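# Close look at the chain arrangement
Now for the letters of each chain:
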Amino acid sequence: MSDSFKALVARKEETLSCSYETLTLDDLDAGDVTVAVDYSTLNFKDGLAITGAAPIAQKHPLVLGIDYSGTVTESAHANFAPGDRVVMNGYGASEYLHGGYAERARVSGEFLVKLPESISNAQAMAIGTAGYTAMLSVMGLQANGPAPGDGPILVTGAAGGVGTVAITLLADLGYEVVASTGRANESDFLMSLGATGILDRAELSERGKPLQKELWAGVVDCVGSHTLANAIAQTRYDGVVTACGLAQGADLPATVMPFILRNVRLQGVDSVQAPMARRLVAWERLAKELDINKLEALSFDLHFSEVLSRAPDILAGKIRGRAVVDLS
Ligand code: NDP
């Protein structure tokens, strides 16, 4: 195996610049497991990191890419051996650790999840951070939250990576799902995933009243800002709202009224520092509950050389579902 490999690297002098470079293993982080990276993905956060729209990369030079799947080539960690198939996301990848946009990675085994037998390396990244975050959101919603049959669940940012997997998971669990999207042309696709209703996202995106008509037994929000505030204001008594994203904005222009008058619960969702025990549950549940046949409809292949040029598209909401980057 050649010691040199291709990587997408961010450098910062006065301004941020990203380009494809040839690296060697010596350029990587210290770590007890070396991985031949097979697949990565293009997430919203990758779009922010590549374009510099938000200061994601905290050190430079840095290999970008917040997640990857691959095969262990060397390991000094007791839990991993060459040939093991693994997935890595979060824990600072693409922030202060080198990430997945490289044909090789080296990392602490404490950060790696061994892939369940039934999930291939390609499928792991078709799921990716977005799908895993969708599962964390479903877990957050279900913890003392609504059961199927209790009423509709609203999913915002529905045509994005988290939204599409969340709809699929919830619908297959038996929940009634309403998809909020700005892309009316994706309605049939969202219904094919299991949504039973479509809401134009414009109806949620402006400032609304603190308490509105009670519509939702639960909400999986990927969008933040006014959308999240309105979703909370429309949640039924005892309902649960999960918040994972900020596609509209990081602000939350809401009041406490839904919390103190309707017992609504707001559940944060973090994938980056999620404890290993929760990650393992999430991946085991994905292996069992996500209809792998739907992954093909949820994802598309993106050549590694296209990542740089397509990054602005994900910030502009022009990417449907999951973009899987093949580095094998
Ligand atoms: P995508 O870009 O794939 O999807 C985001 C979706 O949000 C878009 O498809 C669009 O949906 C909607 N959207 C975009 N801009 C706006 C806007 N201005 N107003 C309202 N809706 C908008 O991203 P992901 O699905 O990968 O991630 C979703 C969010 O979750 C992101 O903010 C991301 O940073 C965050 N995230 C957080 C994680 C965590 O650990 N907490 C982990 C992973 C992601 P539509 O076209 O249907 O309207």
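The residue numbering used here restarts from 1 in each chain and proceeds along that chain's sequence as written. For a predicted model such as this one, the threshold for reporting local features is a pLDDT of at least 70, and the threshold for listing and counting side-chain atom pairs is 80 or more; totals across whole chains, interfaces and linings nevertheless cover every residue.

## With respect to the overall build of the protein chain
Of the regular secondary structure elements, the protein chain holds 9 helices and 16 strands. Note that the radius of gyration is over C-alpha atoms, with the globule rule given as 2.2 Å times the number of residues to the power 0.38. Taken over the C-alpha trace, the protein chain has a radius of gyration of 20 Å; the compact-globule value for 328 residues is 20 Å, and the two agree within 12%. On the principal axes, the C-alpha backbone points of the protein chain span a range of 60 × 45 × 35 Å. With C-beta atoms placed from the backbone, a residue counts as buried when 20 or more other C-beta atoms lie within 10 Å of its own, as exposed when 12 or fewer do, and as partly exposed for counts between those limits. Buried residues in the protein chain amount to 51% of all 328 residues. Each helix corresponds to a stretch of at least 4 residues labelled H or I by DSSP, and each strand to a stretch of at least 2 residues labelled E; elements are numbered beginning at the N terminus.

## Topic: the UniProt feature "domain: Enoyl reductase (ER)" (unreviewed entry) in the protein chain
UniProt positions are given in the numbering used here, feature names are shortened, and annotations may be inferred rather than shown by experiment. As recorded in UniProt, the feature "domain: Enoyl reductase (ER)" (unreviewed entry) lies at residues 15-325. A helix fraction of 30% and a strand fraction of 26% characterise residues 15-325, whose end C-alpha atoms lie 26 Å from each other.

## Topic: the site of the ligand
Residues are counted as near a molecule or strand when the C-beta atom, derived from backbone positions, lies within 6 Å of that molecule or strand. Lining the immediate surroundings of the ligand are 33 residues, of which Gly157, Ala159, Gly160, Thr181 and Gly245 lie closest. Secondary-structure elements contributing two or more residues to the shell around the ligand are α1 (44-51), α2 (121-142) and α3 (161-172). Polar here means any residue other than Ala, Val, Leu, Ile, Met, Phe, Trp, Tyr, Cys and Pro, which are nonpolar, and Asp, Glu, Lys and Arg, which are charged; Gly is therefore polar. Here the shell around the ligand is built from residues that sort into 14 nonpolar, 15 polar and 4 charged. The split of the chain into domains comes from an automatic or database domain assignment. Structurally, the shell around the ligand is a two-domain feature, drawing no fewer than three residues from each of domain 1 (4-115 + 298-326) and domain 2 (129-268).

## Comments concerning the pairing of strand β3 (residues 33-42)
Burial analysis of β3 places 9 of its 10 residues in the buried class, which makes it a mostly covered element. DSSP calls a pair of strands paired once it identifies at least 2 bridges connecting them. The pairing of β3 with strand β5 (residues 67-75) spans 7 bridges and is antiparallel. Bridged to Ala36 within β5 is Thr71. Of the strand pairs in this sheet, β3 and strand β7 (residues 104-107) are connected by 4 bridges, and their pairing is antiparallel. The partner of Thr34 across the bridge, within β7, is Arg106. Alignment of β3 against strand β16 (residues 322-326), held across 4 bridges, turns out to be antiparallel. Within β16, the residue paired with Leu42 across the bridge is Ala323.

## Structural notes on the environment of Asn230
Among the structural elements, Asn230 can be located in helix α5 (residues 225-233). For Asn230, a count of 26 C-beta atoms within 10 Å puts it in the buried group. Placed 22 residues apart in sequence, Asn230 and Leu252 show a C-alpha to C-alpha distance of 9.7 Å. Not counting the four nearest positions on each side in its chain, Asn230 is found in contact with Leu204, Gly208 and Gln212. A residue pair is marked as a contact if its C-beta atoms, positioned from the backbone, fall within 7 Å.

## Here we look at the pairing of strand β1 (residues 4-12)
Sheet analysis places β1 next to strand β2 (residues 16-24), joined by 9 bridges and oriented antiparallel. Among the inter-strand pairings, Ala7 is bridged to a residue of β2, identified as Glu21. Connecting β1 to the next strand, β2, in antiparallel fashion are 3 residues. Strand direction decides the pairing type here: β1 and strand β4 (residues 62-63), joined by 2 bridges, are antiparallel. The partner of Ala10 across the bridge, within β4, is Leu62.

## Comments concerning the sheet that holds β1
Spatially, β2-β1-β4 is the arrangement adopted by the 3 strands of the open sheet, whose pairing is antiparallel. Strands with a single pairing partner mark the edges of an open sheet, and in this sheet they are β2 and β4.

## What about the packing of α1 against helix α9 (residues 307-315)?
For the pair α1 and α9, the least separation of the axes is 8 Å and the interaxial angle reads 120 degrees. It follows that α1 is oblique to α9 by the angle criterion. Like other packed secondary-structure pairs, α1 and α9 cross with a definite hand, here left-handed. Facing Phe44, Asp46, Gly47, Leu48, Ile50 and Thr51 of α1, the residues of α9 in contact are Leu308, Ala311, Pro312, Ile314 and Leu315. Broken down by class, the residue content of the contact of α1 with α9 amounts to 8 nonpolar, 2 polar and 1 charged. Between N-to-C directions, angles cover 0 to 180 degrees, with each direction set by a line fitted to C-alpha atoms, over the stretch in contact for helices. In these notes the angle categories are as follows: under 35 degrees is roughly parallel, over 145 is roughly antiparallel, 65 to 115 is roughly perpendicular, and the rest is oblique. Left-handed describes a crossing whose near helix is turned anticlockwise from the far helix through less than a right angle; right-handed describes the clockwise counterpart.

## A word on α1
In terms of residue burial, α1 counts as a mostly covered element, since 7 of its 8 residues are buried. For α1, the complete set of buried residues consists of Phe44, Lys45, Asp46, Gly47, Leu48, Ala49 and Ile50. In this structure, the buried side of α1 is in contact with β1, β2, β3 and α9. Looking one or two residues beyond α1, the residue adopting positive phi is Gly52, at roughly 80 degrees.

## As for the environment of Ser328
As for its position among the elements, Ser328 is in the segment after β16. Residue Ser328 is classed as partly exposed on the basis of its C-beta count, with 13 C-beta atoms lying within 10 Å. As a C-alpha pair, Ser328 and Gly70 span 258 residues in sequence and 8.4 Å in three-dimensional space. Those residues in contact with Ser328, other than ones at most four positions away along the chain, are Asp38 and Tyr39.

## Digging into α9
Within α9, burial applies to Val307, Ala311 and Ile314. The buried residues of α9 occupy one face: seen down the axis, they fall within an arc of 70 degrees. At its buried positions, α9 is contacted by β1, β3, α1, β15 (299-303) and β16. Following α9 by one or two positions, Gly317 adopts a phi angle in the positive range, close to 70 degrees. Each direction from the helix axis to a C-beta atom contributes to the arc, which is the arc of those directions.

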